[in-house]
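Letter by letter, the chains look like this.
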Amino acid sequence: MSVTDELIVNAEAYTSSFDKGDLPLPPARGVAVLACMDARLNPYSLLGLSEGDAHVIRNAGGVVTADEIRSLAISQRLLGTTEIILIHHTDCGMLTFTDDEFRATLEADVGQRPDWATEAFTDLAADVRQSRARILGSPFIPHKESVRGFIYDVSKGTLQEVV
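Residues numbered from 1 in each chain as written. Predicted model: local features only at pLDDT ≥ 70, side-chain atom pairs only at ≥ 80, totals over all residues. Heavy atoms only, no water.

Asks: Hey, could you run me through the packing of aromatic side chains in this one?
Replies: Each aromatic ring pair is summarised here by two numbers: the centre-to-centre distance and the angle between the ring planes. Following the criterion strictly, the structure yields 2 aromatic pairs and no others. Where Tyr14 meets Phe18, the ring centres are 5.6 Å apart and the plane angle is 50°; that geometry is what we call tilted. Given the relative accessible area of 42%, Phe18 is considered partly exposed. An angle of 45° between the planes, with centres 5.7 Å apart, marks the rings of Phe97 and Phe102 as tilted. For Phe102, a relative accessible area of 31% corresponds to the partly exposed category. (Phe/Tyr/Trp six-rings, centres within 6.5 Å; stacked < 30°, edge-to-face > 60°. Buried < 20%, exposed > 50% of the residue type's maximum accessible area, 1.4 Å probe, protein only.)

What follows is the structure, encoded as structure tokens:
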């Protein structure tokens, strides 16, 4: 049995105990979380969130790209969120390569360079600040009063705010 098959069995078990079908569409806590996709980071457990509480947007590195601005604009303008939490983490894979290295590898493997940047970085705090600045500078994000960035320590389970 593949991992996907196992997860589908888990989904069937989840369905049998599912009782949250009446949750409203807008997130109950009015917050959007943008976090790295790393499997060691569980934004729901870390922040004490439940289903229906928040929009959780994830990508490699938790960086703000055009697609995250799109998601955050929809989250705020159509679904009522007013706060944004950014979460990067220690020991991130995005610290281990450069955009140029990855693009060259892809070009060697598939014969063309991607039209997107990986957004690799060398400094966690600096990238959190850059991501926050991209949100603050976007005309599409109306609520900027509470845009805060953090670094999660994967070995300690702690969350440190980046100022």
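Asks: How should I be thinking about the pairing of strand β4 (residues 146–153) in this particular structure?
Replies: Across a regular strand the side chains alternate sides, sitting on one face of the sheet and then on the other. Among the 8 residues of β4, 7 are classified as buried, and the element is accordingly described as predominantly covered. The pairing of strand β3 (residues 83–89) with β4 spans 7 bridges and is parallel. Along β4, the bridge assignment pairs His89 with Tyr152. Here β4 runs beside strand β5 (residues 158–162); their pairing, made up of 5 bridges, is antiparallel. Its bridge partner being in β5, Ile151 is matched across the sheet by Gln160. (Helix = DSSP H or I, 4+ residues; strand = E, 2+ residues; numbered from the N terminus. Pairing = 2+ DSSP bridges.)

Asks: I tried to follow the nonpolar core on my own but got confused; where do I start?
Replies: Nonpolar side chains in soluble globular proteins generally cluster together in the buried interior. Of all hydrophobic cores here, the largest spans 20 residues; its most connected members are Val33, Leu41, Ile85, Ile87, Cys92, Phe121 and Ile151. Taken together, the elements giving at least two residues each to this core come down to β1 (31–36), β3, α5 (124–136) and β4. Examining the composition of this core, we find that 4 residues originate from one element, β1, more than from any other. What Leu41 contacts, discounting residues up to four positions off in sequence, is Ala35, Cys36, Leu46, Arg58, Ile87, His89 and Tyr152. (Core = buried A, V, L, I, M, F, W, Y, C linked by side-chain atoms within 4.5 Å. Contact = heavy atoms within 4.5 Å.)

Asks: Please explain the sheet that holds β4 as it appears in this structure.
Replies: As a general point, the strands of a sheet are linked pairwise by backbone hydrogen bonds and lie either parallel or antiparallel. Within the open sheet, the 5 strands sit side by side as β2-β1-β3-β4-β5. Their pairing is mixed. The open sheet has two free edges, formed respectively by β2 (54–59) and β5, since each of these has just one partner strand. Strand after strand, the sheet turns through a mean of 25° between neighbouring axes, direction not considered. Pairing of β1 with β3 involves 5 bridges; the strand directions are parallel. Among the inter-strand pairings, Val33 is bridged to a residue of β3, identified as Ile85. The sheet strands contacting helix α3 (residues 66–77) are β1, β2 and β3, and the helix crosses β2 at an angle near 175°. Across the face of the sheet, α5 comes into contact with β3, β4 and β5 while running at roughly 155° to β3. (Axes fitted to C-alpha atoms, helices over the stretch in contact; angles between N-to-C directions.)

Asks: How do you make sense of the pattern of salt bridges when you look at a structure like this?
Replies: For side chains of opposite charge, pairing can occur when their charged atoms come near one another. For the structure on display, the rule yields 6 salt bridges. Two residues, Arg40 and Asp38, come together in a salt bridge whose shortest N-O distance is 2.8 Å. Accessibility expressed as a relative area gives 16% for Asp38, which makes it buried. Asp67 serves as the salt-bridge partner of Arg70, at 2.7 Å between the closest nitrogen and oxygen. One end of the pair, Arg70, and the other, Asp67, are both in helix α3, 3 residues apart, so they sit about a helical turn from each other. Through salt bridges with shared partners, a single ionic network connects Asp38, Arg40 and Asp91. (Salt bridge = Lys/Arg side-chain N within 4 Å of Asp/Glu carboxyl O.)

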